[in-house]
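# Geometric and topological summary
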Amino acid sequence: MQRGLLSDYFDGVAVKRLSAVEADPRRSHQHEFQGGHLRPLLGDDDRLKIPARFIWLGDEQEGISEESVVSWYDSRRKQAHRSAEYRLYYYQNGVTELMSEGDTFFVAMRPDGTAMIIVTPRDSTIQSQLFYLFGLEEQPDLTFKVKAIPEDQSSRLDFAARYILDELGIDAEEPEASQLDSILEPLGITFPATADFSKLARDSLSNVSASDDADAVLMAWIEREELLFRRLERLVVAERLQTGFLTDKVPDVDGFISFSLSVQNRRKSRAGKSLEHHLAALFSARKLQFERGVETELRNKPDFLFPGKAAYLDPEFKADKLTMLGSKSTCKDRWRQVLSEAQRIPHKHLLTLEPGISENQTDEMRAKKLQLVLPASLHATYRQTQQSWLMNVEDFVNLVKTRQMPD
């Protein structure tokens, strides 16, 4: 299926490490970023006002965003004998108050002339993801780097790119909506049970067989359901907006907020359940023995236990024949929850769809004997130093199959 382009959403991007003066205006009494390197992105217009959305994203907590304005100006405009010195002035807001020296600072220009100012902690997962999204090379000092987004297939959006855009609050539209609508037509404008929706996505891909490469199969199923879900969600929201949020001609603010929260909550809960449904279908098709969500010690319920609860509770069953798999569409700080599950299994596995997890976090996973499993297509979002350690889905399936073979 044809996908959109990153150039549909961004014209260009610049990135740098924040200095002490830029991050803390109290040191210089100025709210501005040194901007000489931004001229290829912002041009030479003096005293330019640019609507901007400021975003702060960290690994361990929810991001925040605020709408504001930045000013692009030449600080030497009245000094004709001196060369231009451009700066980007900002107004203090909730995002700038969180900035610290050494944070990574992105300026991304949108096709409509607005800007996204994104600040992330140094060496964080979201920093790695943004470097992947924009095709930037990481450098130790991270001096200003400016890049135009090409208007060709080199900026085609893959699953990882769409994932990261979603983190930025950008819904990537699907260019082939009519094909999706034909699949969704039997549903009307209602959401079915998550298991039924996942099956619909799998059944719509008649050319994909579970006996094919497990990594490609899982990603094909996941991507198809993601696209179908976003398309159905768009139809459901459009219908609700047409109905409006008025009660006796009075704006129903509580109703609007409640509906908005329901949309967000559905997205979050569906993603994790969708991944589990597709993994269960894959494991069943590959004839692996497993159970989902069965209780082990301390009322813990691992997502997948191979071959199952009876074997796990049998002290005569060899521990090295047992396998536990956690399933989380996104990790963030929640991956540590897996460590306390299935205590008979010292080396645990966690499958995720999150691209570009920071090296600090994967190092901690390795130290705690947690093996990260990702579809092979997502390995490229990780640093070279991480990739040799990552496990793909096909290798995980083969590992379990080997453990379930009779001695």
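Residues numbered from 1 in each chain as written. Predicted model: local features only at pLDDT ≥ 70, side-chain atom pairs only at ≥ 80, totals over all residues. Heavy atoms only, no water.

### Side note on the packing of aromatic side chains
- Inspection of every chain in the model, using the stated rule, returns 16 aromatic pairs.
- With 6.0 Å between their ring centres and 45 degrees between their planes, Phe290 and Phe306 make a pair best called tilted. Of this pair, Phe290 sits in the loop between helix 8 (253–285) and strand 11 (291–292) while Phe306 sits in strand 12 (residues 304–306), placing them 16 residues apart in sequence.
- Judged by its relative accessible area of 18%, Phe290 is buried.
- Looking at Phe306, the relative accessible area reads 0%, which means it is buried.
- Both rings, one in Phe306 and one in Phe396, keep their centres 5.7 Å apart while their planes meet at 70 degrees; by these two values the pair is edge-to-face. In this pair, Phe306 is assigned in strand 12 and Phe396 in helix 12 (residues 393–403), connecting sequence segments 90 residues apart.
- The side chain of Arg344 reaches across the aromatic face of Tyr312, ending 5.9 Å from its centre. (Phe/Tyr/Trp six-rings, centres within 6.5 Å; stacked < 30°, edge-to-face > 60°. Helix = DSSP H or I, 4+ residues; strand = E, 2+ residues; numbered from the N terminus. Buried < 20%, exposed > 50% of the residue type's maximum accessible area, 1.4 Å probe, protein only. Lys NZ or Arg CZ within 6 Å of the ring centre and 35° of its normal.)

### Observations concerning the pattern of salt bridges
- For the structure on display, the rule yields 17 salt bridges.
- Of the charged contacts in the structure, one is a salt bridge between Asp171 and Arg267, with a shortest N-O distance of 2.9 Å. Here Asp171, found in the loop between helix 4 (159–167) and helix 5 (177–184), pairs with Arg267, found in helix 8; they are 96 residues apart in sequence, far enough to count as distant.
- Taking relative accessible area as the criterion, Arg267 reaches 22% and is therefore assigned partly exposed.
- The salt bridge partner of Arg336 is Glu364, with a shortest N-O separation of 3.1 Å. Of this pair, Arg336 sits in the loop between strand 13 (323–328) and strand 14 (348–352) while Glu364 sits in helix 10 (residues 359–367), and the two are 28 residues apart along the sequence. (Salt bridge = Lys/Arg side-chain N within 4 Å of Asp/Glu carboxyl O.)

### As for the pairing of strand 14
- Across the 5 residues that make up strand 14, a large majority, 5, are buried.
- Side chains of strand 14 alternate between two faces, with Lys348, Leu350 and Thr352 and His349 and Leu351 buried alike.
- As judged from the 4 bridges shared by strand 14 and strand 15 (residues 370–373), these two strands associate in the parallel manner. Of the residues in strand 15, the one forming a bridge with Leu351 is Val373. (Pairing = 2+ DSSP bridges.)

### Quick word on the sheet that holds strand 15
- The 5 strands lie next to each other as 11-12-13-14-15, forming an open sheet whose pairing is mixed. Both edges of this open sheet fall to strand 11 and strand 15, since each of them pairs with a single strand only.
- Running over the sheet, helix 12 touches strand 12, strand 13, strand 14 and strand 15 and is turned about 155 degrees from strand 13. (Contact = heavy atoms within 4.5 Å. Axes fitted to C-alpha atoms, helices over the stretch in contact; angles between N-to-C directions.)

### Things to note about unusual backbone geometry
- Of note, the bond from Phe306 into Pro307 is cis; its omega dihedral lies within 30 degrees of zero at -5 degrees.
- Locating Pro307 in the fold gives a position in the loop between strand 12 and helix 9 (309–313).
- Here the phi dihedral of Ala342 falls at roughly 55 degrees; this positive angle occurs in a residue that is not glycine.
- Mapped onto the fold, Ala342 is located in the loop between strand 13 and strand 14.

### Focus: the nonpolar core
- Membership of the largest hydrophobic core comes to 50 residues, with the highest contact counts inside it found for Phe283, Phe306 and Leu372.
- Not counting the four nearest positions on each side in its chain, Phe306 is found in contact with Phe283, Leu288, Gln289, Phe290, Lys321, Leu322, Thr323, Leu325, Phe396, Val400 and Gln404.
- Listed in part, the 26 residues of the second largest apolar core include Phe106, Phe131, Ala161 and Tyr163. (Core = buried A, V, L, I, M, F, W, Y, C linked by side-chain atoms within 4.5 Å.)

### Section: the sheet that holds strand 7 (residues 115–120)
- A sheet is described by the order of its strands in space; here 8 strands give the open sequence 2-5-4-3-7-6-1-8, paired in mixed fashion. Edge positions in the open sheet fall to strand 2 (32–34) and strand 8 (145–148), since each of these has one partner strand only. Neighbour-to-neighbour, the strand axes of the sheet open up by a mean angle of 25 degrees, direction not taken into account.
- As judged from the 4 bridges shared by strand 1 (residues 12–17) and strand 8, these two strands associate in the antiparallel manner. What sits directly across from Val15, in strand 8, is Lys145.
- Against the sheet, helix 3 (residues 125–134) contacts strand 1, strand 6 (104–109), strand 7 and strand 8, and its axis sits at roughly 35 degrees relative to strand 6.

### Observations concerning the UniProt feature "domain: Restriction endonuclease type II EcoRII C-terminal" (unreviewed entry) in the chain
- Following the UniProt record, the feature "domain: Restriction endonuclease type II EcoRII C-terminal" (unreviewed entry) maps to residues 229–397 here.
- The span residues 229–397 is 42% helical and 14% strand by assignment, and the distance between its end C-alpha atoms comes to 27 Å. (UniProt positions renumbered as here; feature names shortened; annotations may be inferred.)

### Here we look at the packing of helix 4 against helix 7 (residues 214–243)
- In the contact formed by helix 4 and helix 7, the axes pass within 11 Å of each other and the chain directions differ by 40 degrees. If you check the angle between helix 4 and helix 7, you find them oblique. Note on packing geometry: the crossing formed by helix 4 with helix 7 is left-handed. Across the interface between the two elements, Phe159, Arg162 and Asp166 of helix 4 pack against Met219, Ile222, Glu223, Leu227 and Arg230 of helix 7. (Parallel < 35°, antiparallel > 145°, perpendicular 65-115°, else oblique. Left-handed = near helix turned anticlockwise from the far one by under 90°.)

### Concerning the side chain of Ser274
- Structurally, Ser274 can be placed in helix 8.
- Once residues lying within four places of it in the same chain are set aside, the contact partners of Ser274 are Ser198, Ile222 and Glu225.

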